[in-house]
Amino acid sequence: MRKLTGFWRHVVTVLSVALVIFQMYTSGFGVFPDIIQRSVHLFFVLAMLFLMMPATKKQKKSNQVPWYDVVLAVICMICTGYMILIYNQILWDPSQWINGFDRICAVVLTVLILEGSRRAVGLTFPIMAIFFLIYAAFGEMFPGVWAHKNFTFNQIFQNLYHTTNGIWGQMVGLSAGMLAMFGIFGAILSVTGGSQTFIRLAQKLTGKTVGGPGKVSLVASGLFGMVSGSAMANVVATGTFTIPMMKDAGYSKEWSAAISAVGSTGGQIMPPIMGAGAFIMAQLIGVSYLAIAKAAIIPALLYYMGAFVALHYLSKRLKIYGEGCSEKIQLMEFAIIFVPLGVFVGFLAFGYTVTKAAFYATVVAVVVTAFSYFLADKNAVVVAKKTGGLCMEVATSGAESILSMAGLLAGAQISIALISQTGFGVKLSTLIVSIGGNHLFLCLLLSMVVCFILGMGLPPTAAYVLAAAILAPALISLGLDPMVAHLFVFYFSTIGAITPPVCAAVFLASGIADSNWLKTGGLSILLAIPAFVVPFTFAYNEALMLNGDIVNMLSGVITGAIGVFFIGMAV
């Protein structure tokens, strides 16, 4: 993102504050109708995206906004704002153009969303969308089962612009509600020093054990990853401190980077919070988030157990021991992070939605932090200034996290809309089942490979969104429970962050450690071997997801732990 100064920095700050206020208000007091909620959300997001994210890498160093990005931002605001104005008219008849301006807005907004997606996550979504637009318009030219009746311009773009099946669909709906609020919640935990608190807590728990520095990295990365929801952000936040610590203790550059990458990636599959993908999964399969957290807890613990065992015996061989942490964790430091987390989980347990729980947890986080300011300095003016500064920092940081997530989900929504309209997903699912010969294991292997391919060019959340649309129906048709099928593709979409040849978490960790990224990727896979095995296990035995009677669950957990322990020793 550009580091803006002067006038444009003030403009982005105003937009950030407005976006966060809108998201907080609708999270706490009720959302607007779907299209209006999502239009207002994209009104701010797309404008900020073009102002903050440069078109090319060369422009990242510039702190000025080119004139054409200003024009694109304004056009995005016009196209999304126009949808708010015509909402009542299209509500009664979405299949009709109101006037010629509709057509212009439909095409222009589609193109600009894809350009924004390119700036946010790369070329994957624009290329996919172009392919599916061609496929929709010229379906009769495709061979065999892939052929379909051509869709007209009106059918394609009215579906994209006038309905909640297109641009304003489920993915943008998630971005405009649950994920935006969760981004703000994550921002306040990060701004108030979450990464440092987690590092010190990890040092207290494991710092004095064999391989203390490495285990500190695993624990700190796992704790912070639950909050951040991004392996890449996690590597930067914790790895900046833990990787040099591991290198000083005696680990090689490659092992230091691999430990950080594996710990950071695992945070996305570790309850109680997990990453953004878990919230999307809950919405897609229509279950509570707590049900997903319950199903994910044992596989996530096995992931970290395997890494811990491997790291323990590696450290014994290298004679690396820890020194612990002499620095005390202040009670208020602990409270600032864990009281809001407790409130979040508590509201979920009482049946509140994720959005509501994140709203109340964010409010509590501000109150607790303001109280800590009061304890440090009982001057009301100073406390008010510090609290105001905190809110501004949270607004800008939260808006940036919303920006990245919304950019990828809006791009994904266009492809998903066209996949649904053309029936491509059903055809591909049928093909996977037929190639696998209706054998579950072969279909699981094929699905794993597809997840890896998607994970090469996309962040884990985006990879899961596409995998869920394409692969989950095929696995469900073979008899898997929807939660098992979705959790299977979720795991393999997530660990794409450490799977070469394109492994973003490994790249970042290697950059910090100055290591060979390919060797680092190989060591990351070794440490994370349970993550490649456990999903196949729970696909055949749901006991690992805490489903079934107590005897089967205990048997599954114990045998799983024994298997992972020996895998760790073998590594």
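For the structure itself, look to the data block above.
The sections below set out a description of the structure shown in this document. (Residues numbered from 1 in each chain as written. Predicted model: local features only at pLDDT ≥ 70, side-chain atom pairs only at ≥ 80, totals over all residues. Heavy atoms only, no water.)

## A few points about the overall build of the protein
Then step 1. Counting its regular elements, the protein contains 26 helices and zero strands.
Then step 2. Relative to a compact globule of 571 residues, whose C-alpha radius of gyration would be 25 Å, the protein shows 24 Å and is just as compact.
Then step 3. Seen along its three principal axes, the alpha-carbon backbone of the protein occupies a region of about 75 × 70 × 50 Å.
Then step 4. Across the 571 residues in the protein, those meeting the buried criterion constitute 55%.
Then step 5. In the protein, once contacts between residues fewer than 6 apart in sequence are set aside, the share between residues at least 24 apart is 76%.
Then step 6. Put simply, the protein shows about 22,800 Å² of open surface, and 68% of that area lies on carbon and sulfur atoms.
Then step 7. Side-chain charges of the protein comprise 29 positive and 18 negative groups, with the mean position of each set lying 7 Å from the other. (Helix = DSSP H or I, 4+ residues; strand = E, 2+ residues; numbered from the N terminus. Rg over C-alpha atoms; globule rule 2.2 N^0.38 Å. Buried < 20%, exposed > 50% of the residue type's maximum accessible area, 1.4 Å probe, protein only. Contact = heavy atoms within 4.5 Å. Areas by Shrake-Rupley, 256 points an atom, 1.4 Å probe, with all protein chains shown as cover. Lys, Arg positive; Asp, Glu negative; His and termini not counted. Charge placed at Lys NZ, Arg CZ, Asp CG, Glu CD.)

## Some remarks on the pattern of salt bridges
Pairing is possible between side chains that carry opposite charge, provided their charged atoms lie close to one another.
Then step 1. One pass over the full model with this rule turns up five salt bridges.
Then step 2. In this structure, the salt-bridge partner of aspartate 34 is arginine 38, at a minimum N-O distance of 3.7 Å. Of this pair, aspartate 34 and arginine 38 are both found in helix H2 (residues 34-52), four residues apart, which corresponds to roughly one turn of the helix.
Then step 3. What makes aspartate 34 partly exposed here is its relative accessible area of 43%.
Then step 4. Between glutamate 115 and arginine 119 there is a salt bridge; the shortest N-O distance is 2.8 Å. Of this pair, glutamate 115 and arginine 119 both sit in helix H5 (residues 100-121), separated by four residues, roughly a single helical turn.
Then step 5. Take arginine 119: its relative accessible area is 13%, and that puts it in the buried class.
Then step 6. Here the residues in one salt-bridge network are Asp69, Glu115, Arg118 and Arg119, joined through shared partners. (Salt bridge = Lys/Arg side-chain N within 4 Å of Asp/Glu carboxyl O.)

## A look at the nonpolar core
Generally speaking, nonpolar side chains in soluble globular proteins are found buried as a group.
Then step 1. Counting 194 residues, the largest nonpolar core has Phe185 and Phe344 as the members making the most contacts within it.
Then step 2. Take this core: its biggest share by element is 17 residues, from helix H17 (residues 380-422).
Then step 3. Residues in contact with phenylalanine 185, not counting those within four places in the same chain, are Ile273, Pro340, Leu341, Phe344, Ala358, Ala361 and Thr362. (Core = buried A, V, L, I, M, F, W, Y, C linked by side-chain atoms within 4.5 Å.)

## A closer look at the side chain of threonine 422
Then step 1. By the secondary structure assignment, threonine 422 is in helix H17.
Then step 2. At 3.4 Å, the side chain of threonine 422 and the backbone oxygen of isoleucine 419 are in polar contact.
Then step 3. Apart from residues no more than four positions distant in its own chain, threonine 422 is found in contact with Tyr135, Ala136, His148, Phe151 and Lys427. (Polar contact = N/O pair within 3.5 Å; in protein donor to acceptor, adjacent residues only side chain to side chain.)

## A word on the packing of aromatic side chains
Then step 1. One pass over the structure, following the stated rule, counts 37 aromatic pairs.
Then step 2. Consider the rings of tryptophan 97 and phenylalanine 153, whose centres lie 6.4 Å apart with planes at 35°: the pair is tilted. Of this pair, tryptophan 97 sits in the loop between helix H4 (87-92) and H5 while phenylalanine 153 is found in helix H7 (residues 153-162), placing the two residues 56 residues apart along the sequence.
Then step 3. Classification of tryptophan 97 as buried rests on a relative accessible area of 13%. (Phe/Tyr/Trp six-rings, centres within 6.5 Å; stacked < 30°, edge-to-face > 60°.)

## Examining the environment of serine 524
Then step 1. Along the polypeptide, serine 524 turns up in helix H24 (residues 517-527).
Then step 2. Sequence spacing of serine 524 and glycine 263 is 261 residues, and the spatial spacing of their C-alpha atoms is 9.5 Å.
Then step 3. Apart from residues no more than four positions distant in its own chain, serine 524 is found in contact with Ala258, Ala261, Val262, Ile498 and Val506.

## Thoughts on the packing of helix H14 (residues 289-318) against helix H25 (residues 529-540)
Then step 1. Running from amino to carboxyl end, H14 crosses H25 at an angle of 150°, the nearest separation of the two axes being 9 Å. Regarding the angle of H14 to H25, the classification is roughly antiparallel. Every pair of crossing elements has a handedness; the one defined by H14 and H25 is right-handed. Counted together, Pro299, Leu302, Tyr303 and Gly306 of H14 and Pro530, Ala531, Val534 and Phe538 of H25 form the full contact between these two elements.
Then step 2. Its residues placed into classes, the contact of H14 with H25 shows seven nonpolar, one polar and no charged. (Axes fitted to C-alpha atoms, helices over the stretch in contact; angles between N-to-C directions. Parallel < 35°, antiparallel > 145°, perpendicular 65-115°, else oblique. Left-handed = near helix turned anticlockwise from the far one by under 90°. Nonpolar A, V, L, I, M, F, W, Y, C, P; charged D, E, K, R; others polar.)

## Some points on the packing of helix H1 (residues 6-29) against H2
Then step 1. Running from amino to carboxyl end, H1 crosses H2 at an angle of 155°, the nearest separation of the two axes being 10 Å. As far as their axial angle goes, H2 and H1 are roughly antiparallel. Crossing of H1 over H2 shows left-handed handedness. On the side of H1, the interface is formed by Trp8, Val11, Val12, Leu15, Ser16, Ala18, Leu19, Phe22, Gln23 and Thr26, while H2 contributes Gln37, Val40, His41, Phe44, Val45, Met48, Leu51 and Met52.
Then step 2. Here the residues of the contact of H1 with H2 sort into 13 nonpolar, five polar and no charged.

## With respect to the state of the cysteines
Then step 1. For the coordinates displayed, the defined rule picks out zero disulfides.
Then step 2. Cysteine cysteine 76 is unpaired, with the sulfur of cysteine 79 as its nearest cysteine sulfur at 6.8 Å.
Then step 3. Left without a disulfide partner, cysteine 443 is nearest to the cysteine sulfur of cysteine 451, which lies 13 Å away. (Disulfide = S-S within 2.5 Å.)

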